[in-house]
Amino acid sequence: MLSGSCLCNGIQYEIKGELGDIMQCHCQKCRKANGSTFAANAAIPTTAFTLLTGKELLAEYDVFRVFCKQCASPFYRRRPNMPELLRLRIGTLDTKIEGKPSSHIFVGSKAEWYEICDDIPQYEERPVV
């Protein structure tokens, strides 16, 4: 079981199960949504995610980017064409995890001032699985 929360702690959640592959997304939308160099995401089954507190604080923007409307912590992204998966922003986890990033995606549009300095695979866009 994993648990997480937002910056103001108004929203708390649990995940029953394990995280999917951790990907570091460098697309411009993820950079802007997270105010950072990239977003660290992991896919989880929608059925594994349980909101414990703060339903009234959840807000959505764009292609179903879900965040806390009080402190603006991003939680996950969901897609209408993939309702069975959420792309969790793993920075909201409170539980320590063993997993490490498996890839960098959308490096074709990464911030020009950032240099990737590790040996994990890099993809110009999202890899086809």
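For the structure, check the block above.
In short, a report on the structure. (Residues numbered from 1 in each chain as written. Predicted model: local features only at pLDDT ≥ 70, side-chain atom pairs only at ≥ 80, totals over all residues. Heavy atoms only, no water.)

A count of helical and extended segments in the protein gives one helix and ten strands. Computed over C-alpha atoms, the radius of gyration of the protein comes to 14 Å, within 12% of the 14 Å expected from 2.2 N^0.38 for 129 residues, which places it in the range of a compact globule. Overall size of the protein, expressed as C-alpha extent along the three principal axes, is 40 × 30 × 25 Å. In the protein, the proportion of contacts linking residues at least 24 apart, taken out of those at least 6 apart, comes to 54%. Carbon and sulfur atoms make up 52% of the accessible area of the protein, which amounts to about 7800 Å² in all. Looking at the protein, you have 16 positive and 15 negative side-chain charges, and the mean spots of the two groups are 7 Å apart. (Helix = DSSP H or I, 4+ residues; strand = E, 2+ residues; numbered from the N terminus. Rg over C-alpha atoms; globule rule 2.2 N^0.38 Å. Contact = heavy atoms within 4.5 Å. Areas by Shrake-Rupley, 256 points an atom, 1.4 Å probe, with all protein chains shown as cover. Lys, Arg positive; Asp, Glu negative; His and termini not counted. Charge placed at Lys NZ, Arg CZ, Asp CG, Glu CD.)

Across the sheet, which stays open at both edges, the three strands sit in the order β1-β2-β5 with antiparallel pairing between neighbours. Looking at the sheet topology across the chains shown, the edges are occupied by β1 (2-5) and β5 (49-53). The mean angle between the axes of side-by-side strands here comes to 25 degrees, regardless of whether they run parallel or antiparallel. Inspection of the sheet shows β1 paired to strand β2 (residues 12-15) by four bridges, in the antiparallel sense. Looking across to β2, one finds that Ser3 is bridged to Glu14. (Pairing = 2+ DSSP bridges. Axes fitted to C-alpha atoms, helices over the stretch in contact; angles between N-to-C directions.)

The space that makes up the largest pocket amounts to roughly 350 Å³. Together, 22 residues line the largest pocket, and Met23, Arg79, Arg87, Ile105 and Arg126 are the ones closest to its centre. At the level of secondary structure, the elements contributing two or more residues to the lining of the largest pocket comprise β3 (22-25), α1 (28-34), β4 (39-45), β8 (74-79) and β9 (82-89). Its residues placed into classes, the lining of the largest pocket shows twelve nonpolar, two polar and eight charged. Its boundaries defined by the atoms lining it, the second largest pocket holds a volume of some 200 Å³. Taken together, 13 residues form the lining of the second largest pocket, with Ala33, Asn34, Tyr61, Arg65 and Phe67 sitting closest to its centre. (1 Å grid on protein atoms, 1.4 Å probe; cavity = no way out; pocket = protein on both sides within 12 Å on 5 of 7 lines; lining within 4 Å. Points joined across faces, edges and corners; volume = space filled by probe spheres on them. Nonpolar A, V, L, I, M, F, W, Y, C, P; charged D, E, K, R; others polar.)

On inspection of all chains with the given rule, the structure shows one salt bridge. Between Arg78 and Glu60 there is a salt bridge whose closest N-O contact spans 2.7 Å. Placement of the pair is Arg78 in strand β8 and Glu60 in strand β6 (residues 58-61), with a sequence separation of 18 residues. Overall, Arg78 belongs to the partly exposed group, its relative accessible area being 29%. Given a relative accessible area of 42%, Glu60 falls into the partly exposed group. (Salt bridge = Lys/Arg side-chain N within 4 Å of Asp/Glu carboxyl O. Buried < 20%, exposed > 50% of the residue type's maximum accessible area, 1.4 Å probe, protein only.)

With three bridges connecting them, strand β7 (residues 65-68) and β8 associate as antiparallel partners. Paired with Phe67 across the strands is Pro74, a residue of β8. Sheet analysis places β8 next to β9, joined by four bridges and oriented antiparallel. Its bridge partner being in β9, Arg78 is matched across the sheet by Leu86.

Before going further, it helps to examine the nonpolar core. Side chains of nonpolar character tend, in soluble globular proteins, to be buried together. One finds Ile15, Leu19, Leu88 and Leu93 to be the most contacted residues of the largest nonpolar core, which totals 20 residues. Listed by contribution, the elements that provide at least two residues to this core are β2, β4, β7, β8 and β9. Not counting residues up to four positions away in its chain, the partners in contact with Leu93 are Leu2, Ser3, Gly4, Tyr13, Ile15, Leu19 and Leu88. Of all hydrophobic cores here, the second largest spans five residues; its members include Cys27, Cys30, Ala39 and Ile105. (Core = buried A, V, L, I, M, F, W, Y, C linked by side-chain atoms within 4.5 Å.)

Further remarks concern the packing of aromatic side chains. Using the criterion set out here, one finds four aromatic pairs in the structure. By the ring-pair criterion, three or more aromatic residues cluster together here, those being Tyr13, Phe49, Phe75 and Tyr76. (Phe/Tyr/Trp six-rings, centres within 6.5 Å; stacked < 30°, edge-to-face > 60°.)

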